[in-house]
Amino acid sequence: MRSMAGRGELGGVAAATWMASAALDAAGYDPILIETVGAGQSEIEIARLAETTVVVEVPEMGDEVQAIKAGLLEVADLLVVNKGDRPGADLAARHLRAMLSTAGGRILRKPPPIMLTTATSGKGVAALVDAIDEHRSAARSPLQATARAQNQLRRALADLSLRRAAHDGAWEDVVPS
């Protein structure tokens, strides 16, 4: 699904995205691809929703700096430098690799692979699909599936509670504006 407006929600994932994902999952759609855009420092909620988080950067945009600031390197399961045929693609991949090696202990697991792709020619895309499939297989372990389901349920309950509280007249008595 394409990126949905967050309407001021923190985390970079709209409540509608959580609900649409849950509905598509319940209907048996597999895989479900969710696009997010404009990652900021707090917009890493996608990692709680997705089985596999793929962070895509492009060369010569300084995106690798934004990725480290946003915490995206900490939640990425796969890092991709797209437009791999452009000058600076290898340099961007090296910068990402260096950032991962100096993350100061923030990444407590094996660093994600960094892949180069060129979407217009398809170069590297098959390898990316294979890497996604491999990661998804591991992410579907019973323990991982339970944790993801718990996260989705917590998010749904929190959203429902907030909506109900906001429409309840007593809300204004408890939380003055």
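So, how was this worked out
Residues numbered from 1 in each chain as written. Predicted model: local features only at pLDDT ≥ 70, side-chain atom pairs only at ≥ 80, totals over all residues. Heavy atoms only, no water. Salt bridge = Lys/Arg side-chain N within 4 Å of Asp/Glu carboxyl O. Helix = DSSP H or I, 4+ residues; strand = E, 2+ residues; numbered from the N terminus. Buried < 20%, exposed > 50% of the residue type's maximum accessible area, 1.4 Å probe, protein only. Expected span 1.5 Å × (residues − 1). Contact = heavy atoms within 4.5 Å. Pairing = 2+ DSSP bridges. Axes fitted to C-alpha atoms, helices over the stretch in contact; angles between N-to-C directions.

> Kindly report on the pattern of salt bridges, identifying the contributing residues and their values.
As enumerated under the stated definition, the model contains two salt bridges in all. Across the pair D30 and R136 runs a salt bridge, and its minimum N-O distance is 2.3 Å. Taken together, the residues span a long stretch of sequence, with D30 in the loop between α1 (15-26) and α2 (46-49) and R136 in helix α6 (residues 125-139) at a distance of 106 residues. Looking at R136, the relative accessible area reads 15%, which means it is buried. For R136, the salt bridge is made with E51, and the minimal N-O distance between the two is 3.0 Å.

> An account of helix α7 (residues 142-167) is requested, with residue identities and associated values reported.
The end-to-end C-alpha distance of α7, which contains 26 residues, comes to 38 Å, matching closely the 38 Å that a straight helix rising 1.5 Å per residue would cover. Restricting attention to buried positions, one finds in α7 the residues R148, N151, R155 and D159. Where α7 is buried, its residues touch α1, α2 and α6.

> Can you explain the pairing of strand β1 (residues 54-57)? Please cite residues and give values.
Alternating positions in β1 separate cleanly, V55 and E57 being buried on one face and V54 and V56 remaining unburied on the opposite face. Looking at chain direction, β1 and strand β2 (residues 78-81) are connected through four bridges and run parallel. Within β2, the residue paired with V56 across the bridge is V80.

> Pulling in residues and values, what's your account of the sheet that holds β1?
Reading across from one edge, β1-β2-β3 is the order of the three strands in this open sheet, with parallel pairing throughout. Of all the strands in the sheet, just β1 and β3 (114-116) have a single pairing partner and so form its edges. Here the strands of the sheet are splayed against their neighbours by 25° on average, with no regard to which way each runs. Here β2 pairs with β3 via three bridges, running parallel. If you follow L79 over to β3, its bridge partner there is I114. Packed onto the sheet, helix α5 (residues 89-101) meets β1, β2 and β3 and runs at close to 175° relative to β3. Of the strands in this sheet, β1, β2 and β3 touch α6, which is tilted by about 165° from β2.

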